[in-house]
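Remarks on the overall topology
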Amino acid sequence: MWYSLVCIDVADSLALRKAARPAHLQRLEALRDAGHLLVAGPNPNTDSEDPGEAGFSGSIIIAQFDSLQAAKNWAAEDPYQAAGVYASVSVKAYKKVLP
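Residues numbered from 1 in each chain as written. Predicted model: local features only at pLDDT ≥ 70, side-chain atom pairs only at ≥ 80, totals over all residues. Heavy atoms only, no water.

It is worth spelling out a nonpolar patch on the surface at this point. There is a patch of nonpolar side chains on the surface, built from Val6, Ile8 and Ile60 and spanning about 210 Å² of accessible area. Positionally, Ile8 belongs in strand E1 (residues 2-9). (Patch = residues over 30% accessible without salt bridge, like charges linked within 9 Å, V, L, I, M, F, W, Y side chains within 5 Å. Areas by Shrake-Rupley, 256 points an atom, 1.4 Å probe, with all protein chains shown as cover. Salt bridge = Lys/Arg side-chain N within 4 Å of Asp/Glu carboxyl O. Helix = DSSP H or I, 4+ residues; strand = E, 2+ residues; numbered from the N terminus.)

Another point: the packing of aromatic side chains. In the structure shown here, the tally under the stated rule is 3 aromatic pairs. Taking 6.4 Å as the distance between ring centres and 55 degrees as the angle between the ring planes, the aromatic pair formed by Tyr3 and Phe65 counts as tilted. Pair noted here: Tyr3 is in strand E1 and Phe65 is in the loop between strand E3 (56-64) and helix H2 (68-76), with a separation of 62 residues, a long-range link. Here Phe65 falls in the buried class, since its relative accessible area comes to 9%. Among the aromatic residues, those joined into a cluster by ring pairs are Tyr3, Phe65 and Trp74. (Phe/Tyr/Trp six-rings, centres within 6.5 Å; stacked < 30°, edge-to-face > 60°. Buried < 20%, exposed > 50% of the residue type's maximum accessible area, 1.4 Å probe, protein only.)

This brings us to helix H1 (residues 14-33). The end-to-end C-alpha distance of H1 is 27 Å, a good match for the 28 Å that 20 residues give at a rise of 1.5 Å each. In H1, a bend of some 55 degrees at Arg21 exceeds every other bend along the element, and Pro22, a proline, comes one to four places later. Within H1, burial applies to Leu14, Arg17, Ala20, His24, Arg27, Leu28 and Leu31. Elements that come into contact with the buried residues of H1 comprise E1, strand E2 (37-44), E3, H2, helix H3 (79-82) and strand E4 (86-94). (Expected span 1.5 Å × (residues − 1). Bend = angle between axes of the 7 residues up to and from the residue. Contact = heavy atoms within 4.5 Å.)

Next up on the list: the pattern of salt bridges. Evaluated as defined, the whole model comprises 4 salt bridges. Residue Lys18 pairs with Glu53 through a salt bridge whose shortest N-O separation is 3.7 Å. Here Glu53 lies in the loop between E2 and E3 and Lys18 lies in helix H1, a separation of 35 residues in the sequence. The two residues Lys18 and Glu53 agree in class, both being exposed. Across the pair Asp33 and Arg32 runs a salt bridge, and its minimum N-O distance is 3.0 Å.

Laid out in structure tokens, this is it:
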């Protein structure tokens, strides 16, 4: 089943993000390579794809996991979690309708 992970950053998370980004992307690429990633990306703090020093307010990931608990476990082990980037992460079942 698909699950959405809505992640909210702590204030001034940009330096933390930059430090943990390679390991974070590696895990997302593994999901993608296994055919389990629908979409993933950050929420810029400005109305721009590259917010520069304004940074990001969070991230959204939609991916397939065997269960809600498996999705929660994956989210808990994300390098951004370990680095203190996220203030909170909400994991919910997701029903893909379109496209």
